[in-house]
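Chain by chain, the residues:
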Amino acid sequence: MRLLLPLPVLACLFGAGASMAFGRQRNAQRAIGTIALSTALVAAVAILRHTDAHGTAIAHMGGWDAPMGIALVADRLSGLMAVVSAVVLLAVLVFAMGQPGTEQEQPSFHPVYLVLAAGVFLSFLTGDLFNLFVAFEMMLTASYILITLGGRLDQVRSGMTYVVINLVASTFFVVLLALLYAALGTVNMADISERMHTLPHGMRVAFALLMFVVFGIKAAVFPLFFWLPDSYPTAPTAVTAIFAGLLTKVGIYCMIRTQTLLIAKDDRISRFLLVIAGLTMIIGVLGAIAQNDIKRILSFHIVSQIGYMVLGLGLFTVAGIAAAIFYALNQIVLKSTLLLVGGLVDHGAGSSGLTRVGGLARRFPILAWLFLLPALSLAGIPPFAGFVAKLGIIRSGLDAGQGLVVAVSLAVSLLTLFSMSKIWNGAFWGEVELVVEPEDGPTARWGATVPMLGATGVLVAVSVALAVFAGPLYSLCERASTALLDPHDYLRTVLP
Amino acid sequence: MSIVLAASTALMFSLGTYLLLQRRLSRLIIGLGLLGHGANLLLLLSGGRRGVAGIVGSTDGKVIADPMPPALALTAIVISFAVTAFLLALAHRSWQLTGNDLVEDDLEDRRIALLAAAAELDDEELEVAAAAADPSIAPGPIAEAQA
């Protein structure tokens, strides 16, 4: 465990350093990136297998025991998130290699991408709240660079919003850490969990809300989502895909972790989360319907779908949180896939605006299939994984007696389908419209995109596999959720 | 001593918030810096009672200050240093591209503002306004577009 737990983070960080040294040799950089992320994937799978068989695993960094030293702690939830993230990171990296532009022109793409990956893995694996802050900063600083890579005017404009809002969130995070340390004298999560009950009730609620704001900004829940649809679409496709798939879900992961481990179940917080969940779903999907560009539509859907996960969390039942975890795993894959398809449309037709492209189904039938499968899954059509995830959320909601918010989620589901069909009608059906012909002809253009199509295809296959193996995966999520709501094993492992 | 620190934390947060709401990028960056420093000061305050530095062999039985918050604050300072440098670079790039240091308007906001303005104009004026204020041509603040 001592070696295995830090391995995903270390592989990416060493990879980033090596990649920096080979700044001029793109092929060496590509090899390093692929090897680092593959190592991380293998390590993540090993961690998941170990935690599922033996419960929580821990590694003390620097030989100092928790709570004094920093401990890396993995349970089933961290394992699951790390595995899916590694798959998506690897696939998007391959996509980026095939895409003309960012990756080929910028020597800094590979190192920064690997630092981002390291930050994501560390967020899932750390057992220390301050270390989580450091992981967030690693991830965010890398994302600042990636979102403005290229330095175009629109990127600088929206990048500014993105950087400023995240800096404010980071400041809140430091404030949270300071207040927690002043109140409890520790920043180790297990230690905080054990001491939290000594605080008065009002203070516990205040901490829960502060944590909600800190992680809610990252997760883009209502009313803290406004920065997302504005900043994500301007970045290069591969970057948008990884942001859309991963970064908001890291926020959701942290919300699940902190609200279950650090804060005991509280009816008022639970009600608050359910209201927020409903509003996030509705506002997000209405925003999506008003948009006219594939990437912008999908960006609003990120917000809308976050609502479902918050709903699952807000129920505070084993079934609810299990459904939220499954939903998050599914969304990581789906959102990345759909945005990659959006990028392919952009690449093949010269635009992703619905009024500018059309008839793609006839021109590029493979692309149409690659879009159709994840889009139907996103809308929750059986037999896709999105249906399983939504069914889980709805069933646990009804079991907990929250009929209203379940009704809202069903209506939002319908609106999601409507907005997906809008993309389908606008981009894939209809007459072939203004397609910008590249100078060397369309065949040359499509010939260069084998890695792009391959990576997107693999992600679509993964999302189908999520549906095929939904049974065992769902029971794994249930075991993860049971462990979250009864953190006995976690606490005993960290503080023996 | 603690009251002075607490008061300066409060001052930094209020000044930082005020500057954050300004339109100039340079002020915004200073505002963010102040907010960050306020948070770091709060982190220092969270250590409780003051005392001598906890270095082995030099304390002579005196009360030592909690060494943990300074360690955390140091990490936070390094991070905010790096991010501020990045922000300055970004602001410089924005200045290179637009020639001013104002925060750009949100495109969506501008489109909505134009729609609202269009509802009040009659058709003839509308065409002139639409031609003058095409968001894809001239990205700039609303005030500039209207002037």
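Residues numbered from 1 in each chain as written. Chains lettered and ligands numbered in written order. Predicted model: local features only at pLDDT ≥ 70, side-chain atom pairs only at ≥ 80, totals over all residues.

## Concerning the overall build of chain B
In step 1: Along chain B, the regular secondary structure elements total six helices and zero strands.
In step 2: Listed by position from the N terminus, the elements making up chain B come as α-α-α-α-α-α.
In step 3: Pairs at least 24 apart in sequence give 52% of the contacts found in chain B among residues at least 6 apart. (Helix = DSSP H or I, 4+ residues; strand = E, 2+ residues; numbered from the N terminus. Contact = placed C-beta atoms within 7 Å.)

## Comments concerning the overall build of chain A
In step 1: Of regular secondary structure, chain A possesses 22 helices and two strands.
In step 2: Relative to the compact-globule value of 23 Å for 496 residues, chain A shows a C-alpha radius of gyration of 22 Å, a close match.
In step 3: Looking at chain A residue by residue over its 496 residues, the buried ones come to 60%.
In step 4: Partitioning the intrachain contacts of chain A with sequence separation of at least 6 by distance along the chain shows that 79% fall at a separation of at least 24. (Rg over C-alpha atoms; globule rule 2.2 N^0.38 Å. Buried ≥ 20, exposed ≤ 12 C-beta atoms within 10 Å, placed from the backbone.)

## Concerning the interface of chain B and chain A
In step 1: Contacts between the two partners involve 27 residues from chain B, matched on the other side by 24 residues from chain A.
In step 2: Of all the elements, helix α3 (residues 68-98) of chain B adds the most residues to the side of chain B that touches chain A, at 13 residues.
In step 3: Class assignment of the residues belonging to the side of chain B that touches chain A gives a composition of 18 nonpolar, five polar and four charged. (Nonpolar A, V, L, I, M, F, W, Y, C, P; charged D, E, K, R; others polar.)

## Here's the deal with the confidence of the model for chain A
When pLDDT drops low, the exact placement of atoms in the prediction is not to be read closely.
In step 1: Summing up the model confidence of chain A, the mean pLDDT is 86 and the portion of residues at 70 or higher is 96%.
In step 2: The lowest-confidence element of chain A is helix α19 (residues 441-447) of chain A, averaging 46 in pLDDT; the highest-confidence one is helix α5 (residues 109-125) of chain A, averaging 93. (pLDDT = per-residue confidence, 0-100.)

## Thoughts on the pairing of strand β2 (residues 71-74) of chain A
Residues and elements named next belong to chain A.
In step 1: The side-chain alternation of β2 yields two buried faces, one formed by A71 and V73 and the other by L72 and A74.
In step 2: Pairing of strand β1 (residues 57-60) with β2 involves four bridges; the strand directions are antiparallel. Bridge assignment links H60 to a residue of β2, and that residue is A71. (Pairing = 2+ DSSP bridges.)

## Looking at helix α1 (residues 2-20) of chain B
All names here are of chain B.
In step 1: The first and last C-alpha atoms of α1 sit 27 Å apart over 19 residues, in line with the 27 Å expected at 1.5 Å per residue.
In step 2: Three or more residues of α1 are buried, namely T9, M12 and G16. The buried residues of α1 occupy an angular sector of 65° when projected down its axis, which confines them to one face. More than 90 degrees from the buried face of α1, the exposed residues found are I3, V4, A7 and Y18. (Expected span 1.5 Å × (residues − 1). Arc of directions from axis to C-beta.)

## Examining the packing of helix α3 (residues 76-98) of chain A against helix α21 (residues 470-485) of chain A
When two helices pack together, their arrangement is captured by the angle between the axes and the distance separating the axes.
All names here are of chain A.
In step 1: Two elements in contact, α3 and α21, have axes separated by 8 Å at closest approach and are oriented at 135°. Our classification of the angle between α3 and α21 gives oblique. Of α21, the residues touching α3 (which contributes R76, L77 and L80) are L476, R479, A480, A483 and L484.
In step 2: Class assignment for the residues of the contact of α3 with α21 results in six nonpolar, no polar and two charged. (Axes fitted to C-alpha atoms, helices over the stretch in contact; angles between N-to-C directions. Parallel < 35°, antiparallel > 145°, perpendicular 65-115°, else oblique.)

## Focus on the packing of helix α17 (residues 385-399) of chain A against helix α18 (residues 403-428) of chain A
Residues and elements named next belong to chain A.
In step 1: Viewed as axis vectors pointing N to C, α17 and α18 meet at an angle of 160°, and their least axial separation amounts to 8 Å. With respect to their mutual orientation, α17 and α18 come out roughly antiparallel. By crossing handedness, the relation of α17 to α18 is classed as left-handed. Packed against α17, whose contacting residues are K390, I393, I394, G397 and L398, the element α18 presents G403, V405, V406, S409, L410 and S413 at the interface. (Left-handed = near helix turned anticlockwise from the far one by under 90°.)

## Remarks on helix α20 (residues 450-468) of chain A
All names here are of chain A.
In step 1: Taking 1.5 Å as the rise per residue, α20 with 19 residues should run 27 Å; its terminal C-alpha atoms sit 26 Å apart, in good agreement.
In step 2: M452, A455, T456, L459, V460, V462, S463 and L466 are the residues of α20 that are buried. Take α20 and look down its axis: the buried residues cluster within an arc of 150°, on one side only. Within α20, the exposed residues directed more than 90 degrees away from the buried face are V450 and V468.
In step 3: Against the buried residues of α20 lie α3, α14 (318-349), α16 (365-379), α17 and α21.

## A closer look at the environment of S396 of chain A
Residue and element names in this part refer to chain A.
In step 1: Assignment of secondary structure puts S396 in helix α17.
In step 2: Along the sequence, S396 and L372 sit 24 residues apart, while their C-alpha atoms lie 28 Å from each other.
In step 3: When sequence neighbours within four positions are dropped, the list of residues in contact with S396 reads G312, L315, T317, A319, G320 and A323.

## Considerations on the environment of G278 of chain A
All names here are of chain A.
In step 1: Residue placement: G278 occurs in helix α12 (residues 267-290).
In step 2: When the 23 C-beta atoms within 10 Å are taken as the criterion, G278 is described as buried.
In step 3: Sequence separation between G278 and A427 is 149 residues; the distance between their C-alpha atoms is 30 Å.
In step 4: Not counting chain neighbours up to four residues away, the residues in contact with G278 comprise G307, V405 and V408.

## Focus: unusual backbone geometry
Residues and elements named next belong to chain A.
In step 1: The residue after F222, namely P223, is reached through a cis peptide bond having omega 0°.
In step 2: One can find P223 in the loop between α9 (201-219) and α10 (228-231).
In step 3: Here the residue pair P382 and P383 is connected by a cis peptide bond, since its omega of 5° sits within 30 degrees of zero.
In step 4: Topologically, P383 is positioned in the loop between α16 and α17.
In step 5: Positive phi, close to 55°, is recorded for F316, a residue that is not glycine.

## What about the environment of I302 of chain A?
Residues and elements named next belong to chain A.
In step 1: Summarising the element assignment, I302 is placed in helix α13 (residues 294-315).
In step 2: Through-space distance from the C-alpha of I302 to that of L228 is 8.8 Å; in sequence the pair is 74 residues apart.
In step 3: Those residues in contact with I302 that sit more than four places away from it in its chain are A220, L228, A244, T248 and K335.

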